Amino acid sequence: MSRRKAKSPHLLVITGLSGSGKTHVSRALEDVGWFCVDNLPSVLVPSFADLLQGSPELRRSARVVDVRERGFPEAFPAVYRGLRREELVASLVFLEADDKTLLQRFSETRRPHPLAGAGPAIAGFRAEREALRPIRKMADLIVDTSRFTVHQLRDYFRERYDVRDEGGGMVVSVLSFGFKYGVPAEADMVF
């Protein structure tokens, strides 16, 4: 990576199928130091990119986008190509899962699929998969979340994108306690 790109802000765009875990990934990234925005309209992306370039606090930002935005599959490719020409590092992560897993996730949340209308969720999955096919081809990373639990998905993204340790090291905390009061809940190791 060139020096210019190493100092440039990084924008991670997260998209994919409804129910594939985009919200959980966004929360995991927030936990490790990223600034995350969910469902920012594509027309505001150039302004958001300008903000990133002018703000050291927003050096690592993630944006979640999906079919909830009207016209997203048609408009997004041009918007993303425009981001790639900016003075920032833009990466696209596409999340997907098999139909069986998505059906299970939607039945647990009892939320309707955004493209299913009054029809069955499986019809919405198939329509969404077809509409997002060109965007999937643009992705820098494709993650099938079918076999991940929520915790495994969180850990996968935390390990891959943790920026908290940039310039830092391990933190060790020593605590004295009395066994008769019980082991402290925050203790990872007890000697």
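Conventions used here
- Residues numbered from 1 in each chain as written.
- Predicted model: local features only at pLDDT ≥ 70, side-chain atom pairs only at ≥ 80, totals over all residues.
- Heavy atoms only, no water.
- Helix = DSSP H or I, 4+ residues; strand = E, 2+ residues; numbered from the N terminus.
- Buried < 20%, exposed > 50% of the residue type's maximum accessible area, 1.4 Å probe, protein only.
- Contact = heavy atoms within 4.5 Å.
- Areas by Shrake-Rupley, 256 points an atom, 1.4 Å probe, with all protein chains shown as cover.
- Lys, Arg positive; Asp, Glu negative; His and termini not counted.
- Charge placed at Lys NZ, Arg CZ, Asp CG, Glu CD.
- Axes fitted to C-alpha atoms, helices over the stretch in contact; angles between N-to-C directions.
- Parallel < 35°, antiparallel > 145°, perpendicular 65-115°, else oblique.
- Left-handed = near helix turned anticlockwise from the far one by under 90°.
- Pairing = 2+ DSSP bridges.
- Right-handed = clockwise from strand over helix to strand, strands pointing away.
- Core = buried A, V, L, I, M, F, W, Y, C linked by side-chain atoms within 4.5 Å.
- Phe/Tyr/Trp six-rings, centres within 6.5 Å; stacked < 30°, edge-to-face > 60°.

### Concerning the overall build of the protein
Each helix and strand counted, the protein has eight helices and five strands in total. Along the protein, from the amino end to the carboxyl end, the secondary structure elements read α-β-α-β-α-β-α-β-α-α-α-β-α. Along the first, second and third principal axes, the C-alpha set of the protein runs to 60 × 45 × 25 Å. Counting all 191 residues of the protein, 40% fall into the buried class. The contacts of the protein with a sequence gap of at least 6 include a subset with a gap of at least 24, amounting to 76%. Put simply, the protein shows about 11800 Å² of open surface, and 53% of that area lies on carbon and sulfur atoms. Considering the protein, the positive charge centre built from 29 side chains and the negative charge centre built from 25 side chains are found 3 Å apart.

### Comments concerning the packing of helix H2 (residues 22–31) against helix H8 (residues 150–161)
Between H2 and H8, whose axes approach to 9 Å, the crossing angle comes to 45 degrees. Viewed along their axes, H2 and H8 adopt a mutual orientation that is oblique. The handedness of the crossing between H2 and H8 is right-handed. On H8, the residues that touch His24, Val25, Ala28, Leu29 and Asp31 of H2 are Val150, Leu153, Arg154, Phe157, Arg158 and Tyr161.

### Things to note about the pairing of strand S3 (residues 60–64)
Within S3, four of the five residues are buried, which leaves the element mostly enclosed by the surrounding structure. Pairing geometry for strand S1 (residues 10–16) and S3, over five bridges, is parallel. Along S3, the bridge assignment pairs leucine 11 with serine 61. In this structure, strand S2 (residues 35–38) lies alongside S3, joined through four bridges in parallel fashion. Bridging from a neighbouring strand, cysteine 36 pairs with alanine 62 of S3. Regarding the hand of the β-α-β motif, the stretch spanning S2, helix H3 (residues 45–54) and S3 is right-handed.

### A closer look at the nonpolar core
Side chains of nonpolar character tend, in soluble globular proteins, to be buried together. In terms of nonpolar packing, the biggest core is built from 28 residues, with Val13, Phe76 and Leu83 touching the most fellow members. For this core, the leading source of residues is helix H4 (residues 72–84), giving five residues. The next biggest cluster of nonpolar side chains, apart from the first, holds 16 residues, and it includes Leu12, Trp34, Ala62 and Val64.

### Examining the packing of aromatic side chains
A complete count under the given rule lists seven aromatic pairs for this structure. A ring pair is formed by tryptophan 34 and tyrosine 161, whose centres lie 5.9 Å apart and whose planes are at 90 degrees; its orientation type is edge-to-face. Here the residue tryptophan 34 occupies a position in the loop between H2 and S2, and tyrosine 161 occupies one in helix H8, the gap between them amounting to 127 residues. Given a relative accessible area of 15%, tyrosine 161 falls into the buried group.

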